[in-house]
Amino acid sequence: MVRLIESKLKDISTLLGEMAVLSQKALSLAVESFVNNRPLEHEAFTLAEQLRSLHDKVMDLTTEAIARYQPVATDLRFIRACGEVSYGLYRTGRYAYDIVGTVTVFGDLRGCSWDDVIRTSGVVKEMLTLAIEAFSNLDERQALDVIRMDDVVDGEYRRYLSRVIEGGGERRCDIAGLLIMRYLERMADHANAIAEAALYVVRGT
């Protein structure tokens, strides 16, 4: 017998799937922007707005599901976790837009060294992909991998910050790089939160 709530849970999952694709696209766009010095603000804004709209729809559906079906146990945990995942994917798109905005504000940054930023962005992209898969499959191992990777990104950000404080680099490049590193660190935090949401559904804590 099909439960009445199943259709609503499927609708929520479908929206999260759309958000996952858009958030990964937004992150890739942001990386392309600073690596190739391309002003992609319009494209990034469009993606961020699409994610915001989908997030609103997810929250409406989760609220309706709780009010209408009064779910308990695993269903309730899943619905609550979906709200966390949706927010994380939406904020990832917003931070991607902020990164592109940094490139636009600072202008031509082709003389800057992006080695640290590129390395960190690669970790964040992997974290986001794994976090989405972990939640989709409710895979504890993948979720724990994401959580461990968050420490790597935090370490990269702190090292970059220390180097900027010490000085010696080109000031314009340092400031732009620091802003981008901070946005990447926040993206990693949201990927971490998505992984924790998967663990919450599986473990109940």
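In this text the structure is predicted, and so the values were computed from the model without any measurement. (Residues numbered from 1 in each chain as written. Predicted model: local features only at pLDDT ≥ 70, side-chain atom pairs only at ≥ 80, totals over all residues. Heavy atoms only, no water.)

Colleague: How should helix 6 (residues 171-203) be read in this particular structure?
Modeller: Count 3.6 residues to each turn of an α-helix, and residues three or four apart come out pointing the same way. The first and last C-alpha atoms of helix 6 sit 47 Å apart over 33 residues, in line with the 48 Å expected at 1.5 Å per residue. Where helix 6 begins, the side chain of E170 points an oxygen toward the backbone nitrogen of R172, at a separation of 3.2 Å. (Helix = DSSP H or I, 4+ residues; strand = E, 2+ residues; numbered from the N terminus. Expected span 1.5 Å × (residues − 1). Polar contact = N/O pair within 3.5 Å; in protein donor to acceptor, adjacent residues only side chain to side chain.)

Colleague: I'm lost on the environment of C112 in this one. Help?
Modeller: Topologically, C112 is positioned in the loop between helix 3 (73-106) and helix 4 (115-137). For C112, a relative accessible area of 10% corresponds to the buried category. Between the C-alpha atoms of C112 and V35, which are 77 residues apart in sequence, the distance is 9.5 Å. (Buried < 20%, exposed > 50% of the residue type's maximum accessible area, 1.4 Å probe, protein only.)

Colleague: Is there a simple way to think about the nonpolar core in this case?
Modeller: One broad trend across soluble globular proteins is that nonpolar side chains are buried collectively. Residues F135 and L184 are the most contacted members of the largest nonpolar core, which totals 72 residues. Listed by contribution, the elements that provide at least two residues to this core are helix 1 (5-35), helix 2 (41-69), helix 3, helix 4, helix 5 (140-166) and helix 6. Among the elements that take part in this core, helix 6 stands out by supplying 16 residues, more than any other. Residues in contact with F135, not counting those within four places in the same chain, are L16, F78, A81, C82, V85, I194, A197, A198 and V201. (Core = buried A, V, L, I, M, F, W, Y, C linked by side-chain atoms within 4.5 Å. Contact = heavy atoms within 4.5 Å.)

Colleague: Would you mind going over the pattern of salt bridges with me for this structure?
Modeller: Any two side chains of opposite charge can pair, so long as their charged atoms come close to each other. Tallied over the full model, the rule gives 16 salt bridges. Among the salt bridges present, the one from R38 reaches E32, with a minimum N-O distance of 2.2 Å. Look at R38 and you get partly exposed, because its relative accessible area is 39%. According to the relative accessible area criterion, E32 is partly exposed, its value standing at 28%. Measuring nitrogen to oxygen at the nearest pair gives 3.8 Å for the salt bridge that ties R94 to D98. Separated by four residues within a single helix, R94 and D98 lie in helix 3, roughly one turn from each other. Among the ionic contacts, a cluster of salt bridges with common partners joins D116, R119, E156, R159 and R163. (Salt bridge = Lys/Arg side-chain N within 4 Å of Asp/Glu carboxyl O.)

Colleague: Can you walk me through the state of the cysteines in this structure?
Modeller: A covalent bond between the sulfur atoms of two cysteines is referred to as a disulfide. The final tally for this structure, using the stated rule, is one disulfide. Bridging C112 to C173, the disulfide has an S-S length of 2.1 Å. On the sign convention where negative is left-handed, the bridge of C112 and C173, at about -80° about the S-S bond, is left-handed. Of the two residues, C112 is situated in the loop between helix 3 and helix 4 and C173 in helix 6; the sequence distance between them amounts to 61 residues. As far as burial versus exposure is concerned, C112 and C173 are alike and both buried. (Disulfide = S-S within 2.5 Å.)

Colleague: Explanation requested: unusual backbone geometry in the structure shown.
Modeller: Both trends apply: most residues other than glycine have a negative phi, and most peptide bonds are in trans. Look at N37: it is not a glycine, yet its phi comes out positive at around 55°. You can see N37 is positioned in the loop between helix 1 and helix 2.

Colleague: Would you explain the environment of D174 in this entry?
Modeller: Residue position: D174 is located in helix 6. By relative accessible area, which is 17% here, D174 ends up buried. For the pair formed by D174 and A143, sequence separation is 31 residues and the distance between their alpha carbons is 33 Å.

Colleague: Just checking my understanding: could you explain the packing of helix 3 against helix 6 for this structure?
Modeller: Packed helix pairs are characterised by how far apart their axes lie and by the angle those axes make with each other. Packing of helix 3 against helix 6 leaves a shortest axis separation of 9 Å and a crossing angle of 170°. When the interaxial angle is binned, helix 3 and helix 6 end up roughly antiparallel. Looking at the contact of helix 3 with helix 6 residue by residue, the classes come out as 21 nonpolar, four polar and seven charged. (Axes fitted to C-alpha atoms, helices over the stretch in contact; angles between N-to-C directions. Parallel < 35°, antiparallel > 145°, perpendicular 65-115°, else oblique. Nonpolar A, V, L, I, M, F, W, Y, C, P; charged D, E, K, R; others polar.)

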